[in-house]
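Residues per chain, in single letters:
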Amino acid sequence: MEPPAPERVELPPAFEDVHINDLVELIADMLERLMSHNDRIPLQPESLTRFHSRSAPGISILDYLKRIVRFTKVEKTCLLITLHYIDQICARVPLFTLSSLTCHRFIIAAVTVSSKGLCDVFCNNALYAKVGGISVGELNTLEREFLRMIEWTITCTRDLLQEYYINLVRTHSTSKYIIARAHSSGGSSSSGSSDFDMETLPSRSPSINEPSAILVEPVAPNADSSRRPTIEQNMAFAALQHQNQEPES
């Protein structure tokens, strides 16, 4: 007897019309697969960045994204453009990899930057930091480093975001999503109107009590830094190895 076919979920053709929970699941699925691949790459001292944690956070990237959506009311555009930021940084900083040690802090920095750059209304860094489980000072540092790495290019075209959306649907690990056929007429919201609503923004959100992840100071690029680790990177790498080698109690 053949197993039943998985239930298919039909999504709208335009990313502006998709429910944000579905978009979160699509993005999380892609990030989980990317992290799983990159976690197999041996960590080198010269690849350490401000985004590296000493250990992987205890919250999945799906739950982390849901948390961000719940407490910051982030727009769909700001979530989707995170994928563009990943491509930008990986092209400009080849040693950077999105892994279980970097993804969470990368995401909260990306959401902070995109919300400020693309939205008329956004939260302050105190709330973004609390939702992200880091200190305000650490988020400020990550935000500056993030902007440096993307060279302050915080926007892209709507067509590019649509392409990311279509690819997320087509490559989902369970193949449960499909794109609905576009209708010739109808009330599509693809004009790019905002879906941001501050009415239910909480005055207080829970925190994730994680140790500070700042391992190294940002280093200005030069002819040798792309090849040889800095002193700070070597020291951070040694500390990370020492921690990983400590026997469990």
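Up top is the structure these notes are about.
Residues numbered from 1 in each chain as written. Predicted model: local features only at pLDDT ≥ 70, side-chain atom pairs only at ≥ 80, totals over all residues. Heavy atoms only, no water.

## Digging into the environment of Ala56
Move 1: Within the element layout of this structure, Ala56 appears in the loop between α1 (20-38) and α2 (61-72).
Move 2: Each C-alpha atom of the pair Ala56 and Thr102 lies 8.2 Å from the other, and the pair is 46 residues apart in sequence.
Move 3: Apart from residues lying up to four places away in sequence, Ala56 is in contact with Ser100 and Leu101. (Helix = DSSP H or I, 4+ residues; strand = E, 2+ residues; numbered from the N terminus. Contact = heavy atoms within 4.5 Å.)

## Let's talk about the packing of α1 against helix α7 (residues 158-170)
Move 1: Close contact between α1 and α7 brings their axes to 10 Å; oriented N to C, the two are set at 75 degrees. Classified by the angle their axes make, α1 and α7 are roughly perpendicular. Every residue of α7 that contacts α1 at Leu23, Leu26, Ile27 and Met30 is listed here: Tyr165, Leu168 and Val169.
Move 2: In terms of residue class, the contact of α1 with α7 is built from seven nonpolar, no polar and no charged. (Axes fitted to C-alpha atoms, helices over the stretch in contact; angles between N-to-C directions. Parallel < 35°, antiparallel > 145°, perpendicular 65-115°, else oblique. Nonpolar A, V, L, I, M, F, W, Y, C, P; charged D, E, K, R; others polar.)

## Some details on α2
Move 1: Helix length check: α2 (twelve residues) gives 16 Å between terminal C-alpha atoms against 16 Å at 1.5 Å per residue, within 8%.
Move 2: Tucked inside the fold, the buried residues of α2 contact α1, α3 (76-92), α4 (103-118) and α5 (125-132).
Move 3: Just downstream of α2 lies Lys73, where phi reads positive at about 55 degrees. (Expected span 1.5 Å × (residues − 1).)

Bear in mind that shape data such as this cannot, by itself, settle questions of function.
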